[in-house]
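Chain by chain, the residues:
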Amino acid sequence: AVIDYFGYRVLCVSLLPIAKTTLRYGSDSGGRFATSDDVTLNRLMERVGNALNLAGHYVGKNKRFIHGPGDIEGHKGEDGRYYV
């Protein structure tokens, strides 16, 4: 976000506690390979998909079942919280 206030400009950027090793759902390769190993995150994403009327589908060469776009990324952050 860019905030202008009394002649000053501030650029605000969120820094999430995630890395390549925290990926638990979806794909970081544009949908070529996917993961859905986290049972809790799978259930949460299924609930969100149902609420948004999104059908689940298989993604990637390794055929993982995902609710949402094929290139979605769901992480379990280093703080133990989920980030999508």
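On a predicted model such as this, the values are computed, not experimentally measured, just so you know.

1. Topic: the overall build of the protein
Stage number 1. Looking only at helices and strands, the protein features one helix and eight strands.
Stage number 2. Walking the protein from its N terminus toward its C terminus, one meets helices and strands in the order β-β-β-β-α-β-β-β-β.
Stage number 3. Against the 2.2 N^0.38 benchmark of 12 Å for 84 residues, the protein shows a C-alpha radius of gyration of 16 Å, more extended than a compact globule.
Stage number 4. Taken along the three principal axes of its C-alpha coordinates, the protein extends 50 × 30 × 25 Å.
Stage number 5. Burial status across the protein gives 27% buried among its 84 residues.
Stage number 6. In the protein, the share of contacts with a sequence separation of at least 24, taken over all contacts with a separation of at least 6, comes to 53%.
Stage number 7. With an accessible surface of roughly 6,200 Å², the protein has 56% of that area assigned to carbon and sulfur atoms.
Stage number 8. Once the 11 positive and 9 negative side-chain charges of the protein are each reduced to a mean point, those two points are 4 Å apart.

2. Brief notes about the pattern of salt bridges
Stage number 1. Taken as a whole and judged by the stated rule, the model has three salt bridges.
Stage number 2. Notably, a salt bridge pairs Asp 28 with Lys 20, separated by 3.8 Å at the nearest N-O pair.
Stage number 3. Residue Lys 20 is classed as exposed on the basis of its relative accessible area of 67%.
Stage number 4. For Asp 37, the salt bridge is made with Arg 64, and the minimal N-O distance between the two is 2.7 Å. Of the two residues, Asp 37 sits in the loop between β4 (35-36) and α1 (39-51) while Arg 64 sits in strand β6 (residues 64-67), which places them 27 residues apart along the sequence.
Stage number 5. Residue Arg 64 is classed as partly exposed on the basis of its relative accessible area, which comes to 27%.

3. Describing unusual backbone geometry
Stage number 1. We note that Asn 53 has phi near 60°; this positive angle belongs to a residue other than glycine.
Stage number 2. On the basis of relative accessibility, which here comes to 72%, the residue Asn 53 falls in the exposed class.

4. Examining the environment of Val 39
Stage number 1. Relative to the elements of secondary structure, Val 39 occurs in helix α1.
Stage number 2. Given a relative accessible area of 47%, Val 39 falls into the partly exposed group.
Stage number 3. Through-space distance from the C-alpha of Val 39 to that of Asn 53 is 21 Å; in sequence the pair is 14 residues apart.

Definitions and cut-offs
- Residues numbered from 1 in each chain as written.
- Predicted model: local features only at pLDDT ≥ 70, side-chain atom pairs only at ≥ 80, totals over all residues.
- Heavy atoms only, no water.
- Helix = DSSP H or I, 4+ residues; strand = E, 2+ residues; numbered from the N terminus.
- Rg over C-alpha atoms; globule rule 2.2 N^0.38 Å.
- Buried < 20%, exposed > 50% of the residue type's maximum accessible area, 1.4 Å probe, protein only.
- Contact = heavy atoms within 4.5 Å.
- Areas by Shrake-Rupley, 256 points an atom, 1.4 Å probe, with all protein chains shown as cover.
- Lys, Arg positive; Asp, Glu negative; His and termini not counted.
- Charge placed at Lys NZ, Arg CZ, Asp CG, Glu CD.
- Salt bridge = Lys/Arg side-chain N within 4 Å of Asp/Glu carboxyl O.

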